[in-house]
Amino acid sequence: MRSISIFGATGSVGESTYDLICRAGGAAAFRTVALTGGRNVARLAEMARVLRADIAVCADETCLPALREALAGSGVEVAAGDAAIADAADRPADWVMSAIVGAAGLVPGLRALRHGRTLALANKESLVTAGPLLMQTARDHGARILPVDSEHSAIFQALAGEDIGAVERIILTASGGALRDWPIEALARATVKEALAHPNWSMGQRITIDSASMFNKALEVIETREFFGVTPEQVEVIIHPESIIHSLVGFQDGAIMAHLGAPDMRHPIGYALNWPDRAPLPVARLDLAQLATLSFRAPDLARYPALRLCREVMAARGLAGAVFNAAKEIALDRFLDGSIGFMDMAGVVEDTLARLLPELGLETDVMTLEDILGADHLARVRAAEAATACAARR
């Protein structure tokens, strides 16, 4: 029986993974080793009971008593805290879903790779902050990374059987998010509720706002460079409001391979779960006649400054990705709590990069986990300072 673990089980990607596993037979078809979640212990406990997991781990240690009570008598082991989540990644599992949002997903993913696991990677921050380290760890231990972001899964599928050396460009599509048609002068006044009203995708709160600001796409540009080994100049972004084409790969003979599908994360998750085979998935089938038209437009860098900043990060290399991601996470926190405005997020990130890159933007891909975590911590401190100063000016 195939064994699996889901890190970030109670988030949107984790829920979709759980849905597919249950549809495929649940505990009768898979042995579930570990499930981890945040503060939603009731849901985590429910999943653990249904899948008969060996262990359930919540990130917040204060939630441990509630998790223990919810799983009393089930035979499921319980634990809490970041260290316990990392330790859970050491448990033998054939396939590991990395769906923890943010830099917190890096350590468990690395631990799984060190044991030669197949890592289904939905945590884009891992590649942004530590791409060279993550990819080298996979090579050193005979592990495999399968992309789960819809864009990178699309690229991965378009490249099946192809020579990466024949690739001329990779085109990431972006919906443009909830605010894509707003007048640019109105963006500064956008509220959290307005930024969360995504027209196509059903995602978690943080990734939905990242979609509206295009920080999500900025991370994906860096992720593409790291995962596929292409140059920054080969990675393009196009606004595609319908979210039907998930990415495109252009080859040196002028051909372009596009991956189309309904905007449903169960497709890339299911592809990674069943790879190298394809299995039936409960996703909508496209009716091209009903769609009729697919539209595209170039992104406006004034509207989406994150796309400009990610180019600066790729040019700096080194620890710049860790700084970029950490500053983005702090800026997002501050937007969510109302301290800063929607367009202020990019300003906080840019200020943090300007302050830290001369110190940390080393032109090397040789870095340790300690280097990355240190840069992450320092960037959070500097970004918090920048956000506080920004809030004081409002």
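Note that the structure is a prediction, hence the values are computed from the model and not measured.

Trainee: Now, about the pattern of salt bridges: what can you tell me, with residues and values included?
Mentor: Applying the stated criterion across every chain, the model contains 25 salt bridges. Measuring nitrogen to oxygen at the nearest pair gives 2.5 Å for the salt bridge that ties R31 to D54. Of this pair, R31 sits in strand β2 (residues 30-37) while D54 sits in the loop between α2 (41-51) and β3 (55-58), and the two are 23 residues apart along the sequence. Each of the salt bridges in this network shares a partner with another, and the network as a whole consists of K124, D149, E151, K217 and E220.

Trainee: Just give me the short version of the side chain of E226, but keep the residues and values in it.
Mentor: Along the chain, E226 turns up in helix α10 (residues 215-228). A distance of 2.8 Å separates a polar atom in the side chain of E226 from a polar atom in the side chain of R225. If sequence neighbours within four positions are ignored, E226 has contacts with L127, G131, P132, M135 and R317.

Trainee: Summarise the sheet that holds strand β10 (residues 245-251); cite the residues concerned and give the values.
Mentor: The mixed open sheet is built from four strands, whose spatial order is β9-β8-β10-β11. Strands with a single pairing partner mark the edges of an open sheet, and in this sheet they are β9 (235-239) and β11 (256-260). The mean inter-strand angle of the sheet, taken between neighbouring strand axes irrespective of direction, is 20 degrees. Relative to β9, strand β8 (residues 167-174) runs parallel, the two sharing five bridges. Directly across from I170, in β9, lies its bridge partner V235. Contacts from helix α7 (residues 150-158) reach β8, β10 and β11 within the one sheet, and its direction differs from that of β10 by about 40 degrees.

Trainee: Pulling in residues and values, what's your account of the packing of helix α13 (residues 305-316) against helix α15 (residues 344-360)?
Mentor: It is at 10 Å that the axes of α13 and α15 come closest, and there the two elements cross at 15 degrees. With respect to α15, the axis of α13 lies roughly parallel. Handedness of the crossing formed by α13 with α15: left-handed. Between α13 and α15, the contacting residues are P305, R308, L309, V313 and A316 on the first element and A346, V349, E350, L353 and L357 on the second. Its residues placed into classes, the contact of α13 with α15 shows eight nonpolar, no polar and two charged.

Trainee: Describe the nonpolar core, naming the residues involved and giving the relevant values.
Mentor: Ranked by size, the top nonpolar core spans 135 residues in total, and within it L35, M97, F324, F342 and M345 carry the most contacts. Examining the composition of this core, we find that ten residues originate from one element, helix α14 (residues 320-336), more than from any other.

Trainee: Describe a nonpolar patch on the surface, with residues and values.
Mentor: On the surface, L260, L286 and L288 cluster together to form a nonpolar patch covering roughly 250 Å² of accessible area. Tracing the backbone shows L286 in the loop between α11 (266-274) and α12 (288-291).

Trainee: If you had to explain the sheet that holds strand β1 (residues 2-7) to someone new, which residues and values would you point to?
Mentor: In spatial order, the strands read β4-β3-β2-β1-β5-β6-β7; together these seven strands make up an open sheet with parallel pairing. The sheet is open, and its two edges are formed by β4 (77-80) and β7 (144-147), each paired on a single side. Between one strand axis and the next, the sheet turns by 20 degrees as a mean value, whatever way the strands run. Pairing geometry for β2 and β3, over four bridges, is parallel. Paired with A34 across the two strands is I55, which belongs to β3. The sheet strands contacting α2 are β2 and β3, and the helix crosses β2 at an angle near 170 degrees.

Trainee: I'd like a description of helix α1 (residues 12-23), backed by residues and values.
Mentor: With twelve residues, α1 ought to run about 16 Å at 1.5 Å a step, and its terminal C-alpha atoms sit 17 Å apart, in line with that. For α1, the full list of buried residues reads V13, G14, S16, T17, Y18, L20 and I21. Residues of α1 that are buried make contact with β1, β2, α2, β5 (95-98) and α11. G25 sits one or two residues past α1 and shows a positive phi near 125 degrees.

Calculation rules
- Residues numbered from 1 in each chain as written.
- Predicted model: local features only at pLDDT ≥ 70, side-chain atom pairs only at ≥ 80, totals over all residues.
- Heavy atoms only, no water.
- Salt bridge = Lys/Arg side-chain N within 4 Å of Asp/Glu carboxyl O.
- Helix = DSSP H or I, 4+ residues; strand = E, 2+ residues; numbered from the N terminus.
- Polar contact = N/O pair within 3.5 Å; in protein donor to acceptor, adjacent residues only side chain to side chain.
- Contact = heavy atoms within 4.5 Å.
- Pairing = 2+ DSSP bridges.
- Axes fitted to C-alpha atoms, helices over the stretch in contact; angles between N-to-C directions.
- Parallel < 35°, antiparallel > 145°, perpendicular 65-115°, else oblique.
- Left-handed = near helix turned anticlockwise from the far one by under 90°.
- Nonpolar A, V, L, I, M, F, W, Y, C, P; charged D, E, K, R; others polar.
- Core = buried A, V, L, I, M, F, W, Y, C linked by side-chain atoms within 4.5 Å.
- Buried < 20%, exposed > 50% of the residue type's maximum accessible area, 1.4 Å probe, protein only.
- Patch = residues over 30% accessible without salt bridge, like charges linked within 9 Å, V, L, I, M, F, W, Y side chains within 5 Å.
- Areas by Shrake-Rupley, 256 points an atom, 1.4 Å probe, with all protein chains shown as cover.
- Expected span 1.5 Å × (residues − 1).

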